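The residues making up each chain are set out below.
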There are 2 protein chains.
Amino acid sequence: MNDLEVRQLRYFVAVAEELHFGRAAARLGMAQPPLSRAIRELERQLGVTLFERTTRQVRLTGAGEVLLRDAGTALEAITAAAQRARHAGSASPRLRIALKADIDGGLLPQILDAYRTDPAALPPELILGGFGDQPGALRDGLADVALVLSPMDDRGLDTEPLITEPVLVAMAATDPLAARSRLCLADLAGRILPNGAPADAGRVDAGRAAPRRPGEARPASNLSEIFNLVETGSVVFFAPASVARRNPRPGVAYRPVGDLPNCTLVIAWPQDARSPAVAALVRAACAIAAGRRAPAEPQTRSTTA
Amino acid sequence: MNDLEVRQLRYFVAVAEELHFGRAAARLGMAQPPLSRAIRELERQLGVTLFERTTRQVRLTGAGEVLLRDAGTALEAITAAAQRARHAGSASPRLRIALKADIDGGLLPQILDAYRTDPAALPPELILGGFGDQPGALRDGLADVALVLSPMDDRGLDTEPLITEPVLVAMAATDPLAARSRLCLADLAGRILPNGAPADAGRVDAGRAAPRRPGEARPASNLSEIFNLVETGSVVFFAPASVARRNPRPGVAYRPVGDLPNCTLVIAWPQDARSPAVAALVRAACAIAAGRRAPAEPQTRSTTA
DNA sequence: GATCATTCATATCCCCAGGGTATCGATCGC
DNA sequence: GCGATCGATACCCTGGGGATATGAATGATC
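So, here is what we can say about the structure in this document. What you see as residue numbers is a count from 1 along each chain, following the sequence as written. Whichever chain is written first is A, and whichever ligand is written first is 1; the rest continue in order. Owing to the predicted nature of the model, reporting of local features is limited to residues with pLDDT of at least 70; listing and counting of side-chain atom pairs is limited to 80 or more, with chain, interface and lining totals taken over all residues. To obtain the side-chain values, all non-hydrogen atoms of the structure were used and water was disregarded.

## A closer look at the protein's contact with DNA strand D
Argument step 1. Whether a residue is near a molecule or strand depends on its heavy atoms: it is near if one of them lies within 4 Å of it. Around DNA strand D, a shell composed of 22 residues is seen, among which A:Tyr11, A:Ala31, A:Arg37, B:Ser36 and B:Arg53 lie nearest.
Argument step 2. Take the atoms of DNA strand D that sit within 4 Å of the protein: sugar and phosphate atoms are 62% of them.
Argument step 3. Here a sugar or linking oxygen of DNA strand D sits 3.4 Å away from a polar atom, N or O, in the side chain of B:His20.
Argument step 4. At the level of elements, helix 1 (6–18) and helix 3 (32–46) of chain A together with helix 2 (21–28) and helix 3 (32–46) of chain B are the ones that each hand at least two residues to the surface near DNA strand D.
Argument step 5. Helix numbers and strand numbers start at the N terminus; a helix is a DSSP run of H or I with at least 4 residues, a strand a run of E with at least 2. The dominant element in the surface near DNA strand D, judged by the number of residues it contributes, is helix 3 of chain B, at 5 residues.
Argument step 6. When grouped by side-chain class, the residues that make up the surface near DNA strand D number 8 nonpolar, 7 polar and 7 charged. Throughout this description, a polar contact denotes any pair of N or O atoms lying within 3.5 Å of each other; where both atoms belong to protein, one of them has to be capable of donating a hydrogen while the other can accept it, and for residues adjacent in sequence the pair is counted only when both atoms sit in side chains. Ten residues, namely Ala, Val, Leu, Ile, Met, Phe, Trp, Tyr, Cys and Pro, are considered nonpolar, four, namely Asp, Glu, Lys and Arg, are considered charged, and the remaining ones, Gly among them, are considered polar.

Dropping the structure here:
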């Protein structure tokens, strides 16, 4: 009946991910016996067995899988509470905007200009994370609002679409496929993306990033690195049309991919955000994007956040 | 840097709500000094002052207000994780459907019939909560899916609309206003709702329920009680048209209210639900509702959850 | 199939975090 | 100015969470 403790959830997540008490204990910086005891106590409190264990192997039960999913979001909520409180108490609160460099479709300067005219605006602070996990940063309270490409993992977030564009594939100009003017996903079988995933998987990687195994090469984390790899033919790369337009490079060819869905640049924020500064930025972004979509008749309808 | 503990958050919430260390300590079943110390330690960990305290009064700082909001959702996430794991591990998992009695517009039997034909269906279990907080039950893991009237507090939930209907006001047949065939909200000034709120506030109570002060009368918790009160002229009551249709009573008059927005019956579930049984019920509900909206051409398009 | 290595569980000890009691000190009402 | 109220400080003490040592069971190897 007594409720769970954060410590118990962290222990559980470690064991559930490692499926090995010894390794999980090492990862937690503690000895194995207290970890075993803690998991047993957790199971007793819940009245549920979370792991099927023999002396040789550990497996998650159904209840364990459920808890693993929910424990993650609960831990995110806790760290987010701490981060947001820290930030709110700091002397100079800012509006922390997370985005990958160069995916803003060139809208960011105008959005910021419009945003700064809003009386509710706080000074903006850009958090540029290369292959960083912007939705995760929102959920963990490290950022207040983000510009990301949809589809993405939007659990706990509210979003507003800004602009939709086709996705092009960037490949070496010398690539045999570059001779063709139009491709489909199957043509890319065998090519790999900068993050090591196969290129023909249909962008299923849009959700949670797979955990990187230690020893693997660090994936390229910015466009310069990526274009270097692309030019050498090592990888191919999916880029929204605006990114392609803003990065013409002699050694790189962009080609449309027939059966790849369009991607949408969205502005996202935590669902329970009540900050007027976030609302101001969302308003500004929607207004600018609407103007971009229909430049003849600039729209001014404000979108409530 | 060490992360927060559930205990600290509970302590903080208690003090933040009571704004009084002594009362908060009593509510937590502990003495006041360790509570003071725990809050100080929390502030030290966050590097932020959460309360402005003099010896005579305690006030929340801005950071404290932020934390109060986020702490609530974090605690909900923790208890939800525990509840869902408990339920998933129980011998006979069921699909727990939360709703207020009689607000289903008469759709529930058909929905359940359709649902039961789905191979992914688990045995349904109805959780009927009178004035209960269905969205809260979803967030706390006490139910898997709910039928509720929108607008409501949908943080962390996904919803799908089922049917939209006008809202009528139920009043005593002897009420002078019952002589008129059409009313507007302002006409109801001075009347009160079964939960004690003023009737002309425009249903702003749709969000989080206000905490009930001890000593106040318990609000009526089911339709029978409510209609009794309505018949005596003690209260008025807002009812969707389908509820009115299914509850004709001699002593009660239903009248349309001009400036009251329609209400929508929605099916809601936790945003990160992955249960096939939830998806099956959502599909069934959407199909039945679509058929109800256009009975001439029964729709079978399945709605993915 | 006997032996060994691996891995989770049990037994036992120990320390400190978190809670209790007593008291102080500051502020407000009268 | 005096007492009452309420948060802060000082100090003690207990129990839970952690470590170490060891047991027990299973799978691999020859």
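Next, the rest of the story.
## With respect to the environment of B:Asn228
Argument step 1. Residue position: B:Asn228 is located in helix 7 (residues 223–231).
Argument step 2. Each C-alpha atom of the pair B:Asn228 and B:Ala172 lies 9.6 Å from the other, and the pair is 56 residues apart in sequence.

## Quick word on the relation of the copies chain A and chain B
Argument step 1. It takes a turn of 180 degrees to lay chain A on chain B, together with a shift of 0.0 Å along the axis; the resulting RMSD is 0.1 Å. Here the symmetry operator amounts to a two-fold rotation axis. Relative to the rotation axis, the closest C-alpha in chain A is found at A:Gly156, a distance of 2.7 Å.
Argument step 2. In this description, contact between two residues means that some pair of their heavy atoms is separated by no more than 4.5 Å. A shared interface surface links the copies, since 100% of the contact residues of chain A are contact residues in chain B too. Alignment of the copies relies on least squares applied to C-alpha atoms, considering only residues that score at least 70 for pLDDT in both.

## Some thoughts on the protein's contact with DNA strand C
Argument step 1. DNA strand C sits among 22 residues. The nearest are A:Arg53, A:Arg56, B:Arg7, B:Tyr11 and B:Arg37.
Argument step 2. Sugar plus phosphate, as a fraction of atoms of DNA strand C within 4 Å of the protein: 61%.
Argument step 3. In the environment of DNA strand C, a sugar or linking oxygen lies 3.4 Å from a nitrogen or oxygen atom belonging to the side chain of B:Arg56.
Argument step 4. Looking at the surface near DNA strand C, the elements with two or more residues in it are helix 2 (21–28) and helix 3 of chain A together with helix 1 (6–18) and helix 3 of chain B.
Argument step 5. The element contributing the most residues to the surface near DNA strand C is helix 3 of chain A, with 5 residues.
Argument step 6. For the surface near DNA strand C, a count of residues per class yields 8 nonpolar, 7 polar and 7 charged.

## Considerations on helix 2 of chain B
Residue and element names in this part refer to chain B.
Argument step 1. Using a 1.4 Å probe on the protein chains alone, a residue whose accessible area is under 20% of its type maximum counts as buried, one over 50% counts as exposed, and one in between counts as partly exposed. Buried within helix 2 are the following residues: Phe21, Ala24 and Ala25. Taken around the axis of helix 2, the buried residues stretch over an arc of 100 degrees, which confines them to a single face.
Argument step 2. Its buried side turned inward, helix 2 meets helix 1, helix 3, strand 1 (51–53) and strand 2 (58–60).
Argument step 3. Gly29, located one to two residues past helix 2, shows a positive phi value of around 70 degrees. Taking the helix axis as origin, the arc is that swept by the directions to the C-beta atoms.

## Considerations on the sheet that holds strand 10 (residues 263–270) of chain B
Residues and elements named next belong to chain B.
Argument step 1. By definition, two strands form a pair when at least two bridges between them are found by DSSP. If you walk across this open sheet you meet the 5 strands as 4-3-5-10-6, and the pairing is mixed. The open sheet has two edge strands, strand 4 (124–128) and strand 6 (157–165), and neither has a second partner. When the angles between neighbouring strand axes are averaged without regard to direction, this sheet yields 25 degrees.
Argument step 2. The pairing of strand 6 with strand 10 spans 8 bridges and is classified as antiparallel. Within strand 10, the residue paired with Leu157 across the bridge is Pro270.
Argument step 3. Each of strand 3 (95–99), strand 4 and strand 5 (145–150) is contacted by helix 5 (residues 108–116), which is oriented at about 155 degrees to strand 4, the strand it contacts most.
Argument step 4. A fitted line through C-alpha atoms represents every axis, and for helices the fit uses only the stretch in contact; the resulting angles, taken between N-to-C directions, go from 0 to 180 degrees. Across the sheet, helix 9 (residues 276–293) lies against strand 3, strand 5, strand 6 and strand 10, angled at about 20 degrees from strand 6, the strand it touches most.

## Observations regarding the packing of aromatic side chains
Residues and elements named next belong to chain B.
Argument step 1. A pair of Phe, Tyr and Trp rings is counted when the ring centres sit within 6.5 Å of each other, with Trp represented by its six-membered ring. The angle between the planes then sorts it: under 30 degrees is stacked, over 60 is edge-to-face, the rest tilted. Taken as a whole and assessed by the stated rule, the structure comprises 5 aromatic pairs over all chains.
Argument step 2. Geometrically, the ring pair formed by Phe12 and Phe51 is tilted, given 5.5 Å between the ring centres and 45 degrees between the ring planes. Of this pair, Phe12 sits in helix 1 while Phe51 is found in strand 1, placing the two residues 39 residues apart along the sequence. Judged on exposure class, the residue Phe12 and its partner Phe51 are both buried.
Argument step 3. Between Phe21 and Phe51 the ring centres are 6.2 Å apart and the planes differ by 65 degrees, which places this aromatic pair in the edge-to-face class.

## Structural notes on the side chain of B:Ser242
Residue and element names in this part refer to chain B.
Argument step 1. Relative to the assigned elements, Ser242 resides in helix 8 (residues 241–246).
Argument step 2. Separated by 2.9 Å, the side chains of Ser242 and Glu165 make a polar contact.
Argument step 3. Each residue touching Ser242, except ones within four places of it in the same chain, is listed here: Gly105 and Glu165.

## Concerning the pattern of salt bridges
Residue and element names in this part refer to chain A.
Argument step 1. The working definition used for a salt bridge is a side-chain nitrogen of Lys or Arg within 4 Å of a carboxyl oxygen of Asp or Glu. Scanning the model with the defined rule gives 29 salt bridges over all chains in all.
Argument step 2. The partner of Glu18 in a salt bridge is Arg27, with the nearest N and O atoms 3.1 Å apart.
Argument step 3. Residue Glu18 is classed as partly exposed on the basis of its relative accessible area of 24%.
Argument step 4. Asp153 is the partner of Arg139 in a salt bridge, and the nearest nitrogen-oxygen pair spans 3.2 Å. Here Asp153 lies in the loop between strand 5 (145–150) and strand 6 (157–165) and Arg139 lies in helix 6 (residues 134–139), a separation of 14 residues in the sequence.

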